[in-house]
Amino acid sequence: MSRSSEVLDDINPFSSQDVEGWSESPSGCQTLERVLNTTTDGLATPDNQEERRRRPWFVAATAAAVVLALAIPAALLMRSQDGVSPGGGGLAQIDGVWILDSFKAGGEFTGVEVGVNSAELPFIEFGPQVSGSTGCNGFSTNRDGVTLDEGTLTLTDVFVTDKLCDSADGKGLMLTPSVFRQALTTPLRIAVSGIGDNMQWIVAGDAQLFFVREDRGIELTEEEIRQVPIWVNQLGLAQFHPVVWRDRFDRVCGEGVWNPDVAVRLSAQFINTDLDAGASVRVGNAGAPLTEDGALALWAMAANTCPSRFPTGAIDQGPPTFVGGNEPPSKQGVDAFVPSPVLLGENHVWPEGPRAGQPTEIATAFAVEVLGWETPSARGDPRADPSGPVWVRLSQEGIAALVDVLTVPAAGGGRVLVQIGVPWAKGIDLGMIEQGRPGSTISLIRVAGAETAELTIRLGSGSQVVVTADRNDIGNGRLEVRDISDPAEIASVLIRYVDSENRVIAATGDAF
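Residues numbered from 1 in each chain as written. Predicted model: local features only at pLDDT ≥ 70, side-chain atom pairs only at ≥ 80, totals over all residues. Heavy atoms only, no water.

Looking at the overall build of the protein
Along its length, the protein carries nine helices and 24 strands. For the protein, the exposed area adds up to about 22,300 Å²; of that, 48% sits on carbon and sulfur atoms. (Helix = DSSP H or I, 4+ residues; strand = E, 2+ residues; numbered from the N terminus. Areas by Shrake-Rupley, 256 points an atom, 1.4 Å probe, with all protein chains shown as cover.)

Following this line, the structure appears as structure tokens:
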């Protein structure tokens, strides 16, 4: 169910050290549209070149209203240093997309790893025109410029864009692109052979390039597709290829991210390769994501995709502590707090009726009265017009999470809160439990240290319902409420996340 949030789309310029709800932003929507485009009408100029990657599997994931973020090492594809001997096998069908998986040049065999020796996934597509990416630059030629005759491939008039994805050609991220580009532009013919979904090129200088078909069966499970958005929305890193996440899911489950050292190590690797590949969609000067945030995201993703691999009781205990060793945060200014009942508004979240005061005053009152924070600090967006909608950021010493609230003027005077969230996840999503079955789903965010989440729900009739989500629900990212047969009945929702000491450590909220 989509919420009425026209006013929210462009009034959240709040400077943040985290991605600001990127998957719902205009730039995120534009990226979605570009990602779903699986055809290329021609290459853009070098300065405006768009990335060209085929993601037919992505469509299923967009139903979650989030962008899938997929990134880097393509090392799990089947490789053979022996390759396919020339003439040893013919290609029954060359049309389609072929991913460059590895190559041998200068007598040295190299596996393609995006973020290590290639800036992006290198591929070639044979269709009405021939086009692709060297791993840095796009290329294309008319189909008339391509002939394949008895195992010999000839490419003519290949146009390759000209940009440098690293400090030097043939080094670092330019290693794979330089080998692929040389193969594409050599005046000599290429000896091509293949078996099944594997193709080999032998080019001038005795270089060998090994390709695999894109549709050779490497794909994500439905549960893995549902989990990938955690990486994008929590870290603001958006890369797109199932090969990458197939490798990552295998590693997080195989190496065991329930071990904090493993989770932090893999998080650092994945973040660095994503940043090197230009996958960041983080706002402003946010800088690199925190390794600890990545470790928490990987833990949650593994808990939902390979729970049987976890040690007994590990999931029930929740994620380990990734920040500042094993020392708990300071409790100064925060006493144990049992969330008290709260009345929600009809067309907004809080308070029940408009309240007079400046944006920071209303936000502070919310922190004290609803979150139970004794000494909160409130900082309004300095760029906002104080007479209009204003985002206010709340923090409390001893509480790791930040809470952002959107205050707006009410028609009859005063102010109300219409949306609440953390810097990387604003608002709440609603949905049906299952098509044709009564019941509603309410989205939850994965907050480190949250034992339960208390949901206060106001219905269109004016009545309120309070339900509690446990750690399993939080880990799953949603709560099923079967007593509310249709999500259209819901007018507003406030969710308070509570730790083992009954402290509210985060909150989300929305009006519909």
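Thoughts on the packing of aromatic side chains
What the rule picks out here adds up to eleven aromatic pairs. Pairing Trp 258 with Phe 310 gives two aromatic rings, centres 4.7 Å apart and planes at 50 degrees, and the pair type is tilted. A residue pair is termed long-range when its members are at least 10 positions apart, and Trp 258 in the loop between α5 (242-255) and α6 (260-276) and Phe 310 in the loop between α7 (291-305) and β12 (350-355) qualify at 52 residues. Where Trp 350 meets Phe 366, the ring centres are 5.6 Å apart and the plane angle is 65 degrees; that geometry is what we call edge-to-face. Here Phe 366 lies in helix α8 (residues 359-369) and Trp 350 lies in strand β12, a separation of 16 residues in the sequence. Assessed through its relative accessible area of 0%, Phe 366 is described here as buried. Taken together through their ring pairs, the aromatic side chains of Phe 139, Phe 180, Trp 201 and Phe 211 make up a single cluster. Directly above the aromatic system of Trp 245 lies the positively charged group of Arg 248, at a separation of 5.0 Å from the ring centroid. Between Lys 426 and the ring centre of Trp 391, over which it is positioned, the NZ or CZ distance is 5.2 Å. (Phe/Tyr/Trp six-rings, centres within 6.5 Å; stacked < 30°, edge-to-face > 60°. Buried < 20%, exposed > 50% of the residue type's maximum accessible area, 1.4 Å probe, protein only. Lys NZ or Arg CZ within 6 Å of the ring centre and 35° of its normal.)

Quick notes on the pairing of strand β5 (residues 138-142)
Side-chain direction in a regular strand flips from residue to residue, so the side chains alternate between the two faces of the sheet. For β5, the buried fraction is high: four of the five residues fall into the buried class. Counted along the chain from strand β4 (residues 129-133) to the antiparallel partner β5, the turn is four residues long, and its residue Gly 135 has a positive phi close to 110 degrees. Bridging between β5 and strand β8 (residues 159-160) involves two bridges; their strand directions are antiparallel. Each bridged residue has a counterpart across the sheet, and for Ser 140 the counterpart in β8 is Phe 159. (Pairing = 2+ DSSP bridges.)

Some thoughts on the state of the cysteines
For the structure shown, the criterion picks out two disulfides. Across the protein, the way the bonded cysteines pair up, counted in sequence order, is 1-2, 3-4. (Disulfide = S-S within 2.5 Å.)

Structural notes on the nonpolar core
One broad rule of soluble globular proteins: the nonpolar side chains tend to lie buried together. With 51 residues, the main nonpolar core has Phe 366, Ile 442 and Tyr 497 as its most contacted residues. Setting aside its immediate chain neighbours within four residues, Ile 442 contacts Ile 428, Asp 429, Leu 430, Leu 455, Ile 457, Gly 477, Arg 478, Leu 479, Val 481, Ile 490, Val 493 and Ile 495. (Core = buried A, V, L, I, M, F, W, Y, C linked by side-chain atoms within 4.5 Å. Contact = heavy atoms within 4.5 Å.)

Comments concerning the side chain of Arg 458
Looking at where Arg 458 falls in the secondary structure, it is placed in strand β20 (residues 452-459). The side chain of Arg 458 sits in the buried core without any salt bridge; Glu 352 is the nearest counter-charge, 4.2 Å away. For Arg 458, the residues in contact, after removing those within four places along its chain, are Leu 344, Gly 345, Glu 346, Glu 352, Ser 463, Gln 464, Glu 489, Ile 490, Ala 491 and Ser 492. (Lys, Arg positive; Asp, Glu negative; His and termini not counted. Salt bridge = Lys/Arg side-chain N within 4 Å of Asp/Glu carboxyl O.)

Here we look at the pattern of salt bridges
Using the criterion set out here, one finds twelve salt bridges in the structure. Two residues, Glu 255 and Arg 265, come together in a salt bridge whose shortest N-O distance is 3.0 Å. With Glu 255 in helix α5 and Arg 265 in helix α6, this residue pair connects regions lying ten residues apart in the sequence. According to the relative accessible area criterion, Glu 255 is partly exposed, its value standing at 33%.

A few points about α8
Each full turn of the α-helix corresponds to 3.6 residues, which orients residues three or four apart in the same direction. When we look at burial in α8, the residues that qualify are Pro 359, Ile 362, Ala 363, Ala 365, Phe 366 and Ala 367. Looking at the buried positions of α8, the neighbouring elements they touch are β12, β14 (390-395), β15 (403-409), β16 (415-422) and β23 (490-498).

Re the sheet that holds strand β19 (residues 437-443)
The three strands lie next to each other as β18-β19-β22, forming an open sheet whose pairing is antiparallel. Every interior strand has two partners, whereas the edge strands, β18 (430-434) and β22 (478-481), have only one. Taken over all neighbouring pairs, the strand axes of this sheet differ in orientation by 35 degrees on average, direction set aside. Relative to β19, β18 runs antiparallel, the two sharing four bridges. Bridge pairing in β19 places Met 432 opposite Ser 440. (Axes fitted to C-alpha atoms, helices over the stretch in contact; angles between N-to-C directions.)

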